[in-house]
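Residues per chain are reported as follows:
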Amino acid sequence: MDTLTRAAARRPRHHVEHVMGMAISIDVRDAVTADAIDEVVAWFHHVNDTFSTHRVDTPVSRLGLGELTLDDMPDEVLDVLCRCEELHDDTEGWFDVLSVPAPNGSRLDPSGLVKGWSIERAAAILEAHGAQRFCINGGGDIVVRGEPSPGEPWRIGIRHPDDKLLSAALVEASGRLAIATSGSYERGAHIIDPTTGEPTADLASVTIVGIDLGDVDAYATTVYARGLDGITWLMERHPDHAAFVITRDGVTYSTPNFCNALRP
């Protein structure tokens, strides 16, 4: 392969893949080959084939429906379920994948962790291909690395819960960062209060910022389920994470460290 051909093979890439019930945007500013994107896309389809609770033929659905046992699960499913159990203890029971009525009719739905966990794994795939500057956005769950260009941070808008064309705030991110938002404006009241078994909709949206998107995703679900008390829980339990909350009547609350990233 001559120099020009090699240069053409390695270039910045932008790709949008519709998978896991959402559009996932992959924006790589480093020069990488198409193989890097292909591997990430294949990973997301594998996650969908393994963890989707909207299908009855995936290992997680068959486990929840009693057709398979834990002994039948691949290691990655066991790892996710183990982390879900740890998060259940960490959140004092508010993150509970066994309290969620899944679309497949079972009571097992680890989706509150899987989306963020899978995007974090996708970031590791890009890093293994040499990428250091990229953003992956899956339905508002976002990982970033580096900067899109030198001295220029990634600018990530937090959707206004009442108008998808408006941003409630802007997060400026660089380096290694994860951002997740939970709300009911797209899927309706789907986050369950495990103390009542009923959907909760006291808050309009919750955004959490941290380092690992799997944890950040789960903590966004937790704070949303707990309501405003969740902000206190996060500050006491995980002070290295930041929160931005919008109530049903449009009032905003945030942890003090969120101001470091927030741009109105």
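In this text, all values refer to a predicted model and were calculated from it rather than measured experimentally.

### Re the environment of R145
Moving on, step 1. Among the structural elements, R145 can be located in strand β4 (residues 141-145).
Moving on, step 2. Residue class for R145 comes out buried when judged on its relative accessible area of 4%.
Moving on, step 3. With 33 residues separating them in the primary sequence, R145 and A178 have C-alpha atoms 9.1 Å apart.
Moving on, step 4. The contacts of R145, once residues within four sequence positions are left out, are E120, A123, E127, Q132, R133, F134, W154, G175, R176 and L177.

### Some points on the layout of surface pockets
Moving on, step 1. Within this model, the second largest pocket holds a volume of roughly 270 Å³.
Moving on, step 2. Lining the second largest pocket are 14 residues, and of these L81, C84, E85, V97 and L98 sit closest to its centre.
Moving on, step 3. Sorting elements by how many residues they give to the lining of the second largest pocket places helix α4 (residues 75-90) first, with 6 residues.
Moving on, step 4. Looking at the lining of the second largest pocket residue by residue, the classes come out as 10 nonpolar, 2 polar and 2 charged.

### Concerning helix α2 (residues 34-51)
Moving on, step 1. Compared with an ideal rise of 1.5 Å per residue, which puts 18 residues at 26 Å, α2 spans 26 Å between its outermost C-alpha atoms and is within 8% of the ideal.
Moving on, step 2. Buried within α2 are the following residues: A36, I37, V40, V41, W43, F44, V47, N48, T50 and F51.
Moving on, step 3. Contact partners of the buried residues in α2: β1 (11-19), β2 (22-32), α3 (59-64), α4, α5 (111-128) and β3 (134-138).

### Here's the deal with the sheet that holds strand β7 (residues 177-183)
Moving on, step 1. Spatially, the 8 strands line up as an open sheet ordered β1-β2-β3-β4-β7-β10-β11-β12, and their pairing is antiparallel. In this open sheet, the two strands that pair with only one neighbour each are β1 and β12 (252-254). Within this sheet the neighbouring strands show an average axis-to-axis angle of 10°, counted without direction.
Moving on, step 2. Pairing of β7 with strand β10 (residues 203-210), which is carried by 6 bridges, proceeds in the antiparallel orientation. Counterpart to T181 in the pairing with β10 is T207.
Moving on, step 3. Packed onto the sheet, helix α6 (residues 213-226) meets β4, β7, β10 and β11 (242-247) and runs at close to 150° relative to β10.

### Structural notes on a nonpolar patch on the surface
Moving on, step 1. Together, L228, V251 and Y253 make up a nonpolar patch on the protein surface, roughly 240 Å² of accessible area in all.
Moving on, step 2. Note that V251 resides in the loop between β11 and β12.
Moving on, step 3. A relative accessible area of 34% places V251 in the partly exposed class.

### Some remarks on the state of the cysteines
Moving on, step 1. In this structure the tally under the stated criterion is 0 disulfides.
Moving on, step 2. Between C82, a free cysteine, and C84, which holds the nearest cysteine sulfur, the sulfur-to-sulfur gap is 9.3 Å.

About the criteria used
Residues numbered from 1 in each chain as written. Predicted model: local features only at pLDDT ≥ 70, side-chain atom pairs only at ≥ 80, totals over all residues. Heavy atoms only, no water. Helix = DSSP H or I, 4+ residues; strand = E, 2+ residues; numbered from the N terminus. Buried < 20%, exposed > 50% of the residue type's maximum accessible area, 1.4 Å probe, protein only. Contact = heavy atoms within 4.5 Å. 1 Å grid on protein atoms, 1.4 Å probe; cavity = no way out; pocket = protein on both sides within 12 Å on 5 of 7 lines; lining within 4 Å. Points joined across faces, edges and corners; volume = space filled by probe spheres on them. Nonpolar A, V, L, I, M, F, W, Y, C, P; charged D, E, K, R; others polar. Expected span 1.5 Å × (residues − 1). Pairing = 2+ DSSP bridges. Axes fitted to C-alpha atoms, helices over the stretch in contact; angles between N-to-C directions. Patch = residues over 30% accessible without salt bridge, like charges linked within 9 Å, V, L, I, M, F, W, Y side chains within 5 Å. Areas by Shrake-Rupley, 256 points an atom, 1.4 Å probe, with all protein chains shown as cover. Salt bridge = Lys/Arg side-chain N within 4 Å of Asp/Glu carboxyl O. Disulfide = S-S within 2.5 Å.

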